[in-house]
Amino acid sequence: MDDIDRPADGVFGPDPGTALGSVDQMRDIESLIDAALSRLAPQELLGALAERVRQALHVDTAAVLLLDPKSAYLVATAASGLEEEVQQGVRIPVGKGFAGRIATEARCVILDDVDHTKVVNPLLLDRGIRSLMGAPLLSGGSVIGVMHVGTLSPRLFTSADVKLLQIAADRAAIAVEALNRQTDREAAAALQRSLLPSALPVTPGLQIAARYAPGSGTIGGDWYDVFTLPSGQVCAVIGDVAGSGLSAAVIMGRLRSALRAYALETADPAEILRRLDRKMAHFEPDAMATVLCAVFSHDLSRLTISNAGHLPPILAVPGEPAAPVSVTPDALIGGVQCGPRQLSTIELPPDGVLCLYTDGRVARRR
């Protein structure tokens, strides 16, 4: 039989040489969901899964290829019996060859007879692979990778084989999701910290303090900035990019850099945010962020503020309870702004304390 697709719920004729008995099948399934695997790091888990799949299905090779969504390529990430696929960094275009076809169709595919017309990875032909079976790694209904196994002699894979491989692919998908979350969080945290001011400006008559406390959950796009303008005035900024993870942190970095550049050209907070909005609409059309930009007067007695949907500052004056400052809110950066952005001017009494913050500081009841 040649190039036969067998869906996981299909019923096939028995193959006495390869069909798994119910007892053996349960043992092999248990080996794939063994609690010991959960204690491995995600990258190690993929390698261990590939080895266990190879043993459970009595095949010669097993490999996991993960999808790089930016390039639409499947990248060899873990293997057993075909380690050179990972060592050489094999990349398979989605839609091409055996693995690419699985990624496109998001279902199990079986090749009973492998030849150069059905695979694009020369390593499979060089190793003499005769039969292949592959299953998609799915996350939220989307393909994030492919797991495939191969034999050096012809093999008719059975429905039990398909079931076992899909269980392994599902376990691999969980590991990949964990790996992606871990990688994104570490990268986002590093990026976020790298973009915080290395030192706060020193201005006579003005004391500045800042606290950055990363949340216990997913890193997001919160940031603050304080710097001196060419005019000698001090500019304070605080913002929060919608979303979380590495993508939000990357957009936050771009916002911060752009805002600093615009602040070199004008000390008008509303104009700074207008230019920032125009930049985001062109280069980041799907992104949104709250931003509050405030510029101190030369004598530090007043603060001019433009607020793109951010939480209002809190002002504390000796002898009075702290209270939110009344500032005119405009649309978020990336939102629909009707008319020019507004300016609000507030008085800063001597010994007053002004606090800018993100929602992470006030979202908790305690």
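Residues numbered from 1 in each chain as written. Predicted model: local features only at pLDDT ≥ 70, side-chain atom pairs only at ≥ 80, totals over all residues. Heavy atoms only, no water.

A look at the environment of Met 288
- Its place among the elements puts Met 288 in the loop between helix H9 (269-283) and strand S9 (289-296).
- Looking at Met 288, the relative accessible area reads 35%, which means it is partly exposed.
- Sequence-wise, Met 288 and Asp 240 are 48 residues apart; in three dimensions their C-alpha atoms are separated by 8.8 Å.
- Excluding residues that lie within four positions of it along the chain, Met 288 makes contacts with Asp 240, Val 241, Ala 242, Leu 332, Ile 333, Gly 334 and Gly 335. (Helix = DSSP H or I, 4+ residues; strand = E, 2+ residues; numbered from the N terminus. Buried < 20%, exposed > 50% of the residue type's maximum accessible area, 1.4 Å probe, protein only. Contact = heavy atoms within 4.5 Å.)

Section: the pairing of strand S5 (residues 131-139)
- Extensive coverage of S5 is indicated by the burial of seven of its nine residues.
- In textbook terms, the turn of a hairpin is the stretch between consecutive antiparallel strands, and for S5 and strand S6 (residues 142-151) this stretch comprises two residues, one of which, Gly 140, has a positive phi near 60 degrees. (Pairing = 2+ DSSP bridges.)

Points about the sheet that holds S6
- Within the open sheet, the six strands sit side by side as S3-S2-S1-S6-S5-S4. Their pairing is antiparallel. Of all the strands in the sheet, just strand S3 (91-93) and strand S4 (109-111) have a single pairing partner and so form its edges. Averaged over all pairs of adjacent strands, the angle between their axes in this sheet comes to 25 degrees, without regard to strand direction.
- In this sheet, S6 lies alongside strand S1 (residues 61-68) in antiparallel orientation, the contact comprising six bridges. (Axes fitted to C-alpha atoms, helices over the stretch in contact; angles between N-to-C directions.)

A look at the packing of aromatic side chains
- Taken as a whole and assessed by the stated rule, the structure comprises zero aromatic pairs.
- Taking NZ or CZ as reference, Arg 91 lies 5.0 Å from the ring centre of Tyr 73, over its face. (Phe/Tyr/Trp six-rings, centres within 6.5 Å; stacked < 30°, edge-to-face > 60°. Lys NZ or Arg CZ within 6 Å of the ring centre and 35° of its normal.)

Focus: the side chain of His 148
- Considering the arrangement of structural elements, one finds His 148 in strand S6.
- Non-local contacts of His 148, meaning those with residues more than four positions away in its chain, are made with Thr 61, Ala 62, Ala 63, Leu 65, Leu 82, Glu 85, Phe 98, Leu 124, Leu 132, Met 133 and Gly 134.

Quick look at the nonpolar core
- The biggest cluster of nonpolar side chains holds 30 residues, and the ones touching the most others in it are Met 133, Leu 137, Met 147 and Val 149.
- Those elements that place two or more of their residues in this core are helix H3 (42-56), S1, S5, S6 and helix H7 (159-194).
- By residue number, the principal contributor to this core is H7, which donates nine residues.
- By size, the runner-up hydrophobic cluster in this structure holds 25 residues, among which are Ala 248, Met 252, Leu 276 and Ile 333. (Core = buried A, V, L, I, M, F, W, Y, C linked by side-chain atoms within 4.5 Å.)

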